[in-house]
Amino acid sequence: MIKGIKGVKDLLPEEMPRWRFIEETARRWATGYGFQEIRIPIFEITTLFARSIGASTDIVEKEMYTFQDRDGTSLTLRPEGTAGTVRAYIEHNRSSDPVPQKYFYFGPMFRHERPQAGRLRQFHQFGVESFGMADPRADVEVIALLWRILSDLALPGLTLEINNLGYTSDRDAYRPQLIAYLRQQDVALCGNCRRRIETNPLRVLDCKVPECRAATEPAPRLADSLSEKARAYFTGVLAGLDAIGIPYHLNHRLVRGLDYYCLTTFEVTTTNLGAQNAVGAGGRYDGLVETLGGPPTPAVGFAVGLERMAMMLPETALASAPGAATVYVAGFGDRGSAAGLSALEELRLVGIRAVSDFRSMTLKAHLRQADRLGCRFTLIVGDDEVTKGFGVLRNMETKVQCDVALPSLSLHVLPILRGS
Ligand code: ATP
Ligand code: MG
């Protein structure tokens, strides 16, 4: 038997109500905040990701699914959605439209990671990107959207962490101080961090290994190297969050893995997911559009993991999700089977959720299937019913039955469904 790939999961029908509920909630809020859906390709030229995400990040160093096209071009399955969205934004000259460009997307992402609960090789993200506004209120809008979606889903134990990464020049001024400090501490750091001292020293602050956290606690802080302009911007973001009642925690260690962030960076974590405690994250990335060949364009966005949201979604939040079909059609006998098929279609045409199991040959077998499928009513149509011109509608809970005329069936069934 051929099995699926490790870390690449099937989403079975039982799981779909949670997923649909999450997707519909996210879509509703995003639309309400003025974001428009965009669908971008699942694979792109490799250099798009290498250049945007940054060569010395975990994603580019070891997590990308990269392969050669038949002509030798290097292609990569997208590990995240921002790079592709920015490419599309530039390629279609969206910046020439004076309206702010605000996009959201859903879709699978691919990263070669060690599979475990909440960490897959194909996983799904919902993300938003807001282009064109270098204003703290744009950061607030994006963060508020993320917070409202997660709160509306009633995901438990959420914390919004936020930090100021400053401008590139602020980080350039800070980096030598940090490197000097880390070099003194290198024996206390994990192998990964020791290597990162030279390649991506800020990431050491973000390491989850307890020894690394202890060793970097007294490290010089980026916050102390920030320019006035960067501080003022961040103060504006925090004031906006305060004004609309979004609770946050300052976390000076929050660095994020991607190189393209500047100023505001944020992450929402939960106490309910064990080791994989990040639900979603984002930040401002003012340099990226230009880096990828577009006009200078400030931007801010986030991405959340749908698997992690689905794992956290409380059962009670799903109460309003649609359940089983309403009417089971039990057609049996030569003429009854044919009339049953017509009845099924007629009910569906007026929007009634109707099903049947065409393998069942007897009324008894049909009623058993109707129970298994959780249908509220069964419409019984045997040869006798066809002769009389009346089917029998049976309430599966109360067992009460009544006759319904087969011609214009839906007209007779609808009032009964509404009244029950
Ligand atoms: P982590 O620290 O868990 O590796 P990350 O910083 O790599 O996360 P981002 O690139 O910011 O994650 O992606 C945003 C969100 O996408 C994460 O918060 C998480 O919910 C989800 N996510 C990222 N990688 C995976 C994965 N391999 N499997 C499932 N979900 C993931
Ligand atoms: Mg990761």
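Here the structure is a predicted model, which means the values were calculated and not measured.

Asker: I'd like to hear about the state of the cysteines, residue by residue, with values.
Answerer: For the structure shown, the criterion picks out zero disulfides. Residue C207 stays outside any disulfide, its sulfur separated by 3.6 Å from that of C193, the closest cysteine.

Asker: Let's hear about the site of ligand 1: which residues, and what values?
Answerer: Around ligand 1, a shell composed of 15 residues is seen, among which R111, E113, R119, R256 and V279 lie nearest. The contact in question runs from a nitrogen atom of ligand 1 to an N or O atom on the side chain of E113, over 2.6 Å. Residue V279 places a main-chain N or O atom 2.8 Å away from an oxygen atom belonging to ligand 1. In the complex, the protein chains occlude 88% of the 580 Å² of accessible area that ligand 1 would expose alone. Listed by contribution, the elements that provide at least two residues to the shell around ligand 1 are β6 (122-131), β10 (278-284) and β11 (299-305). Per-element accounting of the shell around ligand 1 gives the leading share, four residues, to β10. Of the residues that constitute the shell around ligand 1, the class distribution is six nonpolar, four polar and five charged.

Asker: Lay out the side chain of N163 in plain terms, naming residues and giving numbers.
Answerer: With respect to the secondary-structure elements, N163 resides in strand β7 (residues 158-164). Taking the relative accessible area as the measure of exposure, N163 reaches 10% and is therefore buried. At a separation of 2.9 Å, a polar atom in the side chain of N163 contacts the main-chain carbonyl oxygen of L254. Residues in contact with N163, not counting those within four places in the same chain, are F234, N251, H252, R253, L254, L263, T264 and T265.

Asker: So what's going on with the sheet that holds strand β15 (residues 390-395)? Residues and values would help.
Answerer: Strand order across the open sheet formed by five strands is β13-β12-β14-β15-β16, with mixed pairing between neighbours. Each edge of the open sheet carries a strand with a single partner, namely β13 (354-355) and β16 (401-405). Sheet topology places strand β12 (residues 327-331) next to strand β14 (residues 377-381); five bridges connect them, and they run parallel. By the bridge assignment for β14, V327 is matched with F377. In the packing of helix α12 (residues 334-349) onto the sheet, contacts are made with β12, β13 and β14, and the angle to β12 comes to roughly 160°. Sheet strands touched by helix α13 (residues 363-372): β12, β14 and β15. Its angle to β12, the strand with the most contacts, is close to 165°.

Asker: Outline the pairing of strand β9 (residues 262-270), listing residues and values.
Answerer: Most of β9 sits out of view: nine of its nine residues are buried. Relative to β9, β7 runs antiparallel, the two sharing seven bridges. Following the sheet pairing, N164 is matched in β9 by T264.

Asker: Describe the sheet that holds strand β4 (residues 74-77), listing the residues and the values that go with them.
Answerer: Here we have three strands laid out as an open sheet, ordered β2-β4-β3, and antiparallel in their pairing. The two strands at the open ends of the sheet, each matched to only one other strand, are β2 (43-45) and β3 (65-68). Between one strand and the next, the sheet's axes are offset by a mean angle of 35°, whatever the strand orientation. Note that β2 and β4 share three bridges and pair antiparallel. Of the residues in β4, the one forming a bridge with I45 is L75.

Asker: Quick one: what's the story with unusual backbone geometry, residue by residue and with numbers?
Answerer: Phi angles above zero are rare outside glycine, and L263 is one such case at about 50°. Among the structural elements, L263 can be located in strand β9. What makes L263 buried here is its relative accessible area of 1%.

Cut-off values and rules
Residues numbered from 1 in each chain as written. Chains lettered and ligands numbered in written order. Predicted model: local features only at pLDDT ≥ 70, side-chain atom pairs only at ≥ 80, totals over all residues. Heavy atoms only, no water. Disulfide = S-S within 2.5 Å. Near = heavy atom within 4 Å. Polar contact = N/O pair within 3.5 Å; in protein donor to acceptor, adjacent residues only side chain to side chain. Areas by Shrake-Rupley, 256 points an atom, 1.4 Å probe, with all protein chains shown as cover. Helix = DSSP H or I, 4+ residues; strand = E, 2+ residues; numbered from the N terminus. Nonpolar A, V, L, I, M, F, W, Y, C, P; charged D, E, K, R; others polar. Buried < 20%, exposed > 50% of the residue type's maximum accessible area, 1.4 Å probe, protein only. Contact = heavy atoms within 4.5 Å. Pairing = 2+ DSSP bridges. Axes fitted to C-alpha atoms, helices over the stretch in contact; angles between N-to-C directions.

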